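Coordinate analysis (summary)
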Amino acid sequence: MAEFDNLTLYREKSTVHRFAELGDSDGEEQVLEIRSNRLTIPLKLADRTFNCVIRGQNMAATLRLTGFVVDQFRRDPGMVHDAKDIDWESLWSRRLSTYESTYNPATWVSIHLDGEEVYSSGEDGMEVIHEIENLAGGGDVSDTIIMEASSNVVGALDDLVVEHDSQTAFVFTAFAAYHRAAVLERKGGKTGSFAISVYHPTPKKPIRLSYFLGLSADILEALTMTEFLQRVQSMIDDDSISSTPITPPQIAAARNRKKDLMEQITSFEAAQKVTYRPERPTFT
């Protein structure tokens, strides 16, 4: 059986500028900005290891898609040879919430196997990501790779300047008795952290990794919904909500989505032994 002992999700931001003449003076013009979450899974066969990269617009989506990939590989390790034949679109569309598809249409995910794009749910801006992963081949992304990919997409220019920032956001570790994830949050300009652990009912009946990733995704999305609703309430209090595109139906939908997520989280907590360090995140 395939084992996945450690997985790390990185929050990445890459910007590409070029020097240009702006009016009467020289300056920098932004050519590209690439934001995504990126997670690499080593898919190990007897004779070879395939590097599978999962990218996503947000952390929750990235973790859910990772769960799909893990399950597919566990069922059939040979899927790495014909991964494009899997109906990833149906798998993903069934998991995408009504709230996300209605109010966050920019949500996207993608799968890359040794640099080759296997699946992508998005279109806009995916060309440069496809090029980056093709050059990286499942390995680390560097400034040099961003530079070459950008040049291939926007044209070979000598005056491109690249800034690539990669920050650890989620670290999964497997132990004999439990799964553990360390989450590094960014909220209100501050950085915090907490850890989630789920204990196996018995050594012979471990919690499936995809279930644990699903719980982690639900927690992260519930925290995002909580922060969004807090911002909405602040805007209502200072009478500035009318200057935003946020509508009453969206607010109601966000509350319902958060309610569904909290029901899923509490149901998991009731069925399994779940612990948090330093404490359970606050969803209010």
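See the structure shown above.
Residues numbered from 1 in each chain as written. Predicted model: local features only at pLDDT ≥ 70, side-chain atom pairs only at ≥ 80, totals over all residues. Heavy atoms only, no water.

Details of the packing of aromatic side chains
A full pass over the atoms with the stated rule returns six aromatic pairs. Taking 5.3 Å as the distance between ring centres and 40° as the angle between the ring planes, the aromatic pair formed by Tyr99 and Tyr103 counts as tilted. With Tyr99 and Tyr103 both in helix 3 (residues 98-103), this residue pair falls four residues apart, about one helical turn. For Tyr99, a relative accessible area of 9% corresponds to the buried category. (Phe/Tyr/Trp six-rings, centres within 6.5 Å; stacked < 30°, edge-to-face > 60°. Helix = DSSP H or I, 4+ residues; strand = E, 2+ residues; numbered from the N terminus. Buried < 20%, exposed > 50% of the residue type's maximum accessible area, 1.4 Å probe, protein only.)

Describing the layout of surface pockets
In this structure, the largest pocket encloses a volume near 1,400 Å³. Together, 48 residues line the largest pocket, and Asn58, Arg186, Leu220, Thr224 and Glu227 are the ones closest to its centre. With ten residues, the top contributor of residues to the lining of the largest pocket is helix 6 (residues 209-237). Its residues placed into classes, the lining of the largest pocket shows 19 nonpolar, twelve polar and 17 charged. Its volume calculated, the second largest pocket comes out at about 270 Å³. In terms of lining residues, the second largest pocket is bounded by 16 residues, among which Glu3, Arg74, His179, Pro206 and Ile207 are the most central. For the lining of the second largest pocket, the per-class residue count stands at ten nonpolar, two polar and four charged. (1 Å grid on protein atoms, 1.4 Å probe; cavity = no way out; pocket = protein on both sides within 12 Å on 5 of 7 lines; lining within 4 Å. Points joined across faces, edges and corners; volume = space filled by probe spheres on them. Nonpolar A, V, L, I, M, F, W, Y, C, P; charged D, E, K, R; others polar.)

Points about the packing of helix 6 against helix 7 (residues 248-271)
Following both chains from N to C, one finds helix 6 and helix 7 inclined at 145°, their axes separated by 9 Å at the closest point. Handedness of the helix 6/helix 7 crossing: left-handed. Residue-level contacts link Tyr211, Leu215, Asp218, Ile219, Glu221, Ala222, Met225, Thr226, Phe228, Leu229 and Val232 of helix 6 to Gln250, Ile251, Ala254, Arg255, Arg257, Lys258, Leu261, Met262, Gln264, Ile265 and Phe268 of helix 7. Here the contact of helix 6 with helix 7 is built from residues that sort into 14 nonpolar, three polar and five charged. (Axes fitted to C-alpha atoms, helices over the stretch in contact; angles between N-to-C directions. Left-handed = near helix turned anticlockwise from the far one by under 90°. Contact = heavy atoms within 4.5 Å.)

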